[in-house]
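Architecture and fold: a report
The primary structure of each chain is shown beneath.
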Amino acid sequence: MKIEETNVKNAIEINEYGQPYINPYYGCSAGCPFCYWLSIKGWEGKIEVRLNIAERLEEYCLSMGEKKERVYIGSYCDPYMEEVEPQYGLTRECLKVLAKYNIPVTICTSARSKIVLRDLDLFVQMKRLAVITELCRLDQMDQLQKKKEHMGIAVANQLYADGISVCATFAPILPGIADVEEIREKLNPEITIYVDKLYAEPGTIQEERVMELVEQKRPELLAVYQEYLNGEHKELDTYVKKYIGNKNIRAFPIEE
Ligand code: SF4
């Protein structure tokens, strides 16, 4: 993975729902075949490190006045990637600024590294903090299937034990490849899991990558997945729906 240092004009971007968010990095090392951002040319294969983001964030916070709108950290990056965050610490620097101005924060991370727990000292000071851990990460699902530690589960359980507001997402469910039951068994039952099905339009890079994954992992399911992605297979919708409302598993969207 290529790493490039850069600077930004603004720390804050606004998403399609009008919510302010920060990405201390641009790019992601997780390699999810269904990733929405794969459609953006130039996004894959590198991580941009936004060296001045905390400085720019402080300017934004100063301009906010009394208005304390919730800020989200991590959309087209995982803010706790082990390739960059231990060295650059930009997520930690941003959190320090947000804590100083008492801004409500939601962190979205795959928690594929225990580096998340480094920031517990800040988390406990931030009264309106929420952490969303995304647990459908294929390298971690492989770990689970080998009876080894799934880092995202371990991190979420630890955060919960330390009194941090935490929920989990498992999106998408990949029937026969990544199933939420395995997660529910190991994750603290008090932590809600929000699930969603797979979205990958025909002819997109996501469809191509998902089908490569199915071919590699469960070639006998290729026809089933192809029908599913073409929107013709209702059985898998049912498969997703069967979890909703059971064992603290709910459907998207996440409740604030
Ligand atoms: S962790 Fe999120 S941003 Fe990173 S590749 Fe996976 S879906 Fe994309």
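Refer to the structure printed above.
Reading guide: rules and limits
- Residues numbered from 1 in each chain as written.
- Predicted model: local features only at pLDDT ≥ 70, side-chain atom pairs only at ≥ 80, totals over all residues.
- Heavy atoms only, no water.
- Buried < 20%, exposed > 50% of the residue type's maximum accessible area, 1.4 Å probe, protein only.
- Helix = DSSP H or I, 4+ residues; strand = E, 2+ residues; numbered from the N terminus.
- Pairing = 2+ DSSP bridges.
- Core = buried A, V, L, I, M, F, W, Y, C linked by side-chain atoms within 4.5 Å.
- Contact = heavy atoms within 4.5 Å.
- Phe/Tyr/Trp six-rings, centres within 6.5 Å; stacked < 30°, edge-to-face > 60°.

**Notes on the pairing of strand β5 (residues 46-50)**
Most of β5 sits inside the fold, with 5 of its 5 residues counted as buried. The alternating pattern of β5 places K46, E48 and R50 and I47 and V49 on opposite faces, both of which are buried. Here strand β1 (residues 2-6) pairs with β5 via 5 bridges, running parallel. Its bridge partner lying in β5, I3 is registered against I47.

**Notes on the nonpolar core**
Ranked by size, the top nonpolar core spans 83 residues in total, and within it L98, F123 and F170 carry the most contacts. Sequence-distant contacts of F123, defined by excluding residues within four places in its chain, comprise Y80, L95, I107, V116, L129, L159 and I164.

**Comments concerning the packing of aromatic side chains**
One pass over the full model with this rule turns up 5 aromatic pairs. Ring plane angle 85° and centroid distance 4.9 Å describe the contact between Y36 and W37, whose orientation is recorded as edge-to-face. Its relative accessible area of 60% is what places Y36 among the exposed residues. The interplanar angle of 80° and the centroid separation of 5.5 Å between the aromatic rings of W37 and Y76 together place this pair among those described as edge-to-face. In this pair, W37 is assigned in the loop between β4 (25-26) and β5 and Y76 in the loop between β6 (71-73) and α2 (85-88), connecting sequence segments 39 residues apart. Assessed through its relative accessible area of 21%, W37 is described here as partly exposed. Classification of Y76 by relative accessible area gives buried; the value is 6%. Members of the aromatic cluster, connected to one another through ring pairs, are Y21, Y26, Y36, W37 and Y76.

In short, geometric facts, not functional conclusions.
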